[in-house]
Amino acid sequence: MSRLVVVSNRVAPVEEGKASAGGLSVAVEEAFAKTEGLWFGWNGKIENNGPIRVTVEEGKRFARATMPLSRKDYNDFYVGYANSTLWPLLHYRLNVMQYSRAHAEGYRRVNELYANHLAPLLRPDDLIWVHDYHLFVLGRELKRMGLENRMGFFLHTPFPPPDMLRACSEHEEIVRALFDYDVIGFQTENDARNLLEYVRRLSGGTVRGNRATAFGKTARVQAFPISIRPDEMAEAAEKAMRSNRARQLVRSLGGKQLIIGVERLDYSKGLDKRFASYERLLTNYPENRGSVTLMQIAPPSRGDVQSYREIRQVLEGMAGHINGQFAEFDWVPIRYLNKSYRRDVLAGFFRIAQVGYVTPLRDGMNLVAKEYVASQDPVDPGVLVLSEFAGAAAELDGAVIVNPFDEEGMMEGLQTALRMPLGDRIERYQSMMAVLRKNDLQNWRRRFLEALRGA
Ligand code: F6P
């Protein structure tokens, strides 16, 4: 069987076999579940001295080949184009998007740099699976070097409609480069449709079923919704309930209901509206004062990007304001934690919480929504309150679906979830678990790799 080579911007320093956070690392670990290979990308370090060297570390199932970035490449490519231009664009946030030609140039430069350092490690029959928005044009660079390997691309974020994509001057270059991959995978049908719409309307291309032809090249364009291993998560949650941390959390709640939110501190996650809707809940439904707690776990990320520093300040102000307004000597309304926890610890926290509150303004998939559901106690499950703009909403129809721009609607959603009778909760939980078991993480990998092998 041919070797699998996974390329992503960040190669997480995960310990094999242990739980690790983040959609991308979940995906990559799964990618190597049945195939041996190599994971290539940035080691997360910035180094300015001397020529860049790739370090290869052998692991049990796959090797990691990583390299540092120079300060200039980090600024232009990672902070600049990837996270100040593409990230907001892909999350429909043109008001936050910043653009500079120097950053676009940096993006091309780093994709070329990765291609140059990856090429010598490749064998002719390797299958190459490229992940996420940092590497839209990597396939083009590998082709320019004469490589003929099969290459697939999977986008973890949303993909916006053509008129929004056009706000970025490189829109045509990006779509053209996507067609250097044999398979272009998205999280949802909606994202795939947006690319196909671009192909039809703006590139004069054609679409037949899931095969699209544009710029003289044909690729398979399809949705592959990423998922989790629901039964493993359920087991982890059950086990976690016997841990000290879970016991401490239960004790500290003293019988109060818990609403939980977990995400990277990112403006796309809608945390400010989430806090505001919770404030409304305490104002308009005073019976919740002293009997409900919101625990928001939000580890800081991308701190070199201005918009991330701003949202952090906003949230600190809001949490302080809400706590100052409502707290009593024996109750704090919001527990706001800027740190991360391992997935097995979170599984216990999810099971303890009566409500999983997942309200991104826009999200590729959102695995926390799926993990929350899978962590529930089947005989007394909690309720998922989910944004209609998370990719997961296309599958999790048993959630209380809310519009994350409508604070009053979110407040109502919370109140419905907190008061939901047991029978309804069980029914919703069972229908969502059935969906999760049908399309689990293994299925996601199998479907993508089959598409790539058959391309
Ligand atoms: O949400 C997209 C994503 O790639 C996640 O899968 C991953 O956990 C996160 O971003 C990592 O972001 P960064 O590399 O910027 O820290």
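What you are looking at is a predicted structure, and each value in this text was computed from that prediction instead of being measured. (Residues numbered from 1 in each chain as written. Predicted model: local features only at pLDDT ≥ 70, side-chain atom pairs only at ≥ 80, totals over all residues. Heavy atoms only, no water.)

Within the chain one finds 16 helices and 16 strands. The C-alpha radius of gyration of the chain comes to 22 Å, within 12% of the 23 Å expected for a compact globule of 455 residues. Expressed along its principal axes, the backbone C-alpha trace of the chain runs to roughly 65 × 50 × 45 Å. Taken as a whole, the chain presents about 18,800 Å² of accessible surface, with 47% of it coming from carbon and sulfur. For the chain, the distance from the average position of its 61 positive side-chain charges to the average position of its 56 negative side-chain charges is 3 Å. (Helix = DSSP H or I, 4+ residues; strand = E, 2+ residues; numbered from the N terminus. Rg over C-alpha atoms; globule rule 2.2 N^0.38 Å. Areas by Shrake-Rupley, 256 points an atom, 1.4 Å probe, with all protein chains shown as cover. Lys, Arg positive; Asp, Glu negative; His and termini not counted. Charge placed at Lys NZ, Arg CZ, Asp CG, Glu CD.)

This paragraph deals with helix 10 (residues 271-284). Because the α-helix completes a turn every 3.6 residues, residues three or four places apart line up on one side. Spanning 14 residues, helix 10 covers 20 Å between terminal C-alpha atoms, matching the ideal 20 Å at 1.5 Å per step. Listed as buried for helix 10 are Leu271, Arg274, Phe275, Ala276, Ser277, Tyr278, Glu279, Leu281 and Leu282. Looking at the packing, one finds that the buried side of helix 10 touches strand 11 (257-262), strand 12 (292-297), helix 11 (306-326), strand 13 (334-337), strand 14 (355-358) and helix 14 (407-419). (Expected span 1.5 Å × (residues − 1). Buried < 20%, exposed > 50% of the residue type's maximum accessible area, 1.4 Å probe, protein only. Contact = heavy atoms within 4.5 Å.)

Close contacts around the ligand come from Arg10, Gly22, Gly23, Leu24, Tyr78, Trp87, Asp132, Arg264 and Arg302, and that covers them all. In this structure, aspartate 132 approaches the ligand through a side-chain N or O atom, which is 3.0 Å from an oxygen atom. Interatomic distance of 2.7 Å between a side-chain N/O atom of arginine 302 and an oxygen atom of the ligand. Secondary structure elements with two or more residues in the shell around the ligand: helix 1 (23-31) and helix 2 (71-90). Across the shell around the ligand, the residue classes break down as three nonpolar, two polar and four charged. (Near = heavy atom within 4 Å. Polar contact = N/O pair within 3.5 Å; in protein donor to acceptor, adjacent residues only side chain to side chain. Nonpolar A, V, L, I, M, F, W, Y, C, P; charged D, E, K, R; others polar.)

Turning our attention to the packing of aromatic side chains. Within the structure shown, the criterion is met by 24 aromatic pairs. When the centroid spacing of 4.4 Å and the interplanar angle of 15° are considered together, the rings of phenylalanine 32 and phenylalanine 62 count as stacked. Pair noted here: phenylalanine 32 is in the loop between helix 1 and strand 2 (37-46) and phenylalanine 62 is in strand 4 (residues 62-69), with a separation of 30 residues, a long-range link. The exposure class assigned to phenylalanine 32 is buried, which follows from its relative accessible area of 1%. Relative to tyrosine 336, the ring of phenylalanine 275 has its centre 5.5 Å away and its plane inclined at 90°; by these criteria the two rings are edge-to-face. (Phe/Tyr/Trp six-rings, centres within 6.5 Å; stacked < 30°, edge-to-face > 60°.)

Of the pairings in the sheet, the one linking strand 12 to strand 13 comprises four bridges and is parallel in character. Looking at the pairing, leucine 294 lines up with isoleucine 334 of strand 13. Running through helix 11, the crossover from strand 12 to the neighbouring parallel element strand 13 is right-handed. (Pairing = 2+ DSSP bridges. Right-handed = clockwise from strand over helix to strand, strands pointing away.)

Before going further, it helps to spend a moment on the environment of proline 381. Inspection of the secondary structure assignment puts proline 381 in the loop between helix 13 (367-374) and strand 15 (383-387). Expressed as a C-alpha distance, the spacing of proline 381 and tryptophan 444, which sit 63 residues apart in the sequence, is 26 Å. Each residue touching proline 381, except ones within four places of it in the same chain, is listed here: Gln376, Leu422, Arg425, Ile426 and Tyr429.

What follows concerns empty space enclosed by the protein. On inspection of all chains with the given rule, the structure shows two cavities of 30 Å³ or more. One number sums up the size of the largest cavity: a volume of about 50 Å³. Contributing to the lining of the largest cavity are Tyr81, Ala104, Tyr107, Arg108, Val137, Glu170, Glu173 and Ile174. Those elements giving two or more residues to the lining of the largest cavity turn out to be helix 3 (101-118) and helix 6 (171-178). Partitioned by chemical class, the residues of the lining of the largest cavity number five nonpolar, no polar and three charged. Of the pockets and cavities examined, the second largest cavity occupies roughly 30 Å³. Lining the second largest cavity, in full, are Gly382, Val383, Leu384, Gly398, Arg425, Arg428, Tyr429 and Met432. When residues of the lining of the second largest cavity are assigned to their parent elements, the largest contribution, four residues, is made by helix 15 (residues 422-438). (1 Å grid on protein atoms, 1.4 Å probe; cavity = no way out; pocket = protein on both sides within 12 Å on 5 of 7 lines; lining within 4 Å. Points joined across faces, edges and corners; volume = space filled by probe spheres on them.)

What follows covers helix 6. For helix 6, the set of buried residues is His171, Ile174, Val175, Ala177 and Leu178. Viewed along the axis of helix 6, the buried residues span an arc of 160°, placing them on a single side of the element. Looking at the buried positions of helix 6, the neighbouring elements they touch are helix 2, helix 4 (138-144), strand 6 (150-154), helix 5 (162-165), strand 7 (183-186) and helix 7 (189-202). (Arc of directions from axis to C-beta.)

The domain boundaries assigned to the chain delineate domain 1 (4-227 + 441-453) and domain 2 (230-438). Look at where the C-alpha atoms of domain 1 and domain 2 centre, and you get two points 30 Å apart. Taken together, the two surfaces of domain 1 and domain 2 that pack against each other cover about 2,000 Å², and 59% of this comes from carbon and sulfur. One can count zero salt bridges joining domain 1 with domain 2. At the junction of domain 1 and domain 2, the tally comes to six residue pairs in polar contact (both at pLDDT 80 or more). If you list the elements that add at least two residues to the side of domain 1 that touches domain 2, you get helix 1 and helix 2. (Domains from an automatic or database assignment. Buried area = accessible area lost by both parts, 1.4 Å probe. Salt bridge = Lys/Arg side-chain N within 4 Å of Asp/Glu carboxyl O.)

Let us look at the sheet that holds strand 14. Strand order across the open sheet formed by six strands is 13-12-11-14-15-16, with parallel pairing between neighbours. Two strands close off the open sheet at either side, each with one partner strand: strand 13 and strand 16 (400-402). Pairs of neighbouring strands in the sheet enclose a mean axial angle of 20°, with direction left out of account. (Axes fitted to C-alpha atoms, helices over the stretch in contact; angles between N-to-C directions.)

We now examine the nonpolar core. Soluble, globular proteins show a tendency: their nonpolar side chains are buried together. Core analysis: the largest hydrophobic core is formed by 97 residues, its most contacted members being Tyr114, Phe136 and Tyr278. Per-element accounting of this core gives the leading share, 10 residues, to helix 2. Shared between two domains, this core takes at least three residues from each, and those domains are domain 1 (4-227 + 441-453) and domain 2 (230-438). Setting aside residues no more than four positions away along its own chain, tyrosine 114 makes contact with Asn9, Phe40, Trp42, Met67, Leu69, Phe77, Leu135 and Leu138. Residues Val26, Ala27, Ile352 and Val358 belong to the second largest nonpolar core, which totals 63 residues. (Core = buried A, V, L, I, M, F, W, Y, C linked by side-chain atoms within 4.5 Å.)

The next point concerns unusual backbone geometry. Across residues other than glycine, the phi torsion is negative in most instances, and most of the peptide bonds are trans. Positive phi, normally seen in glycine, also occurs at aspartate 132, with a value near 80°. On the secondary structure map, aspartate 132 appears in the loop between strand 5 (127-131) and helix 4. Judged by its relative accessible area of 8%, aspartate 132 is buried.

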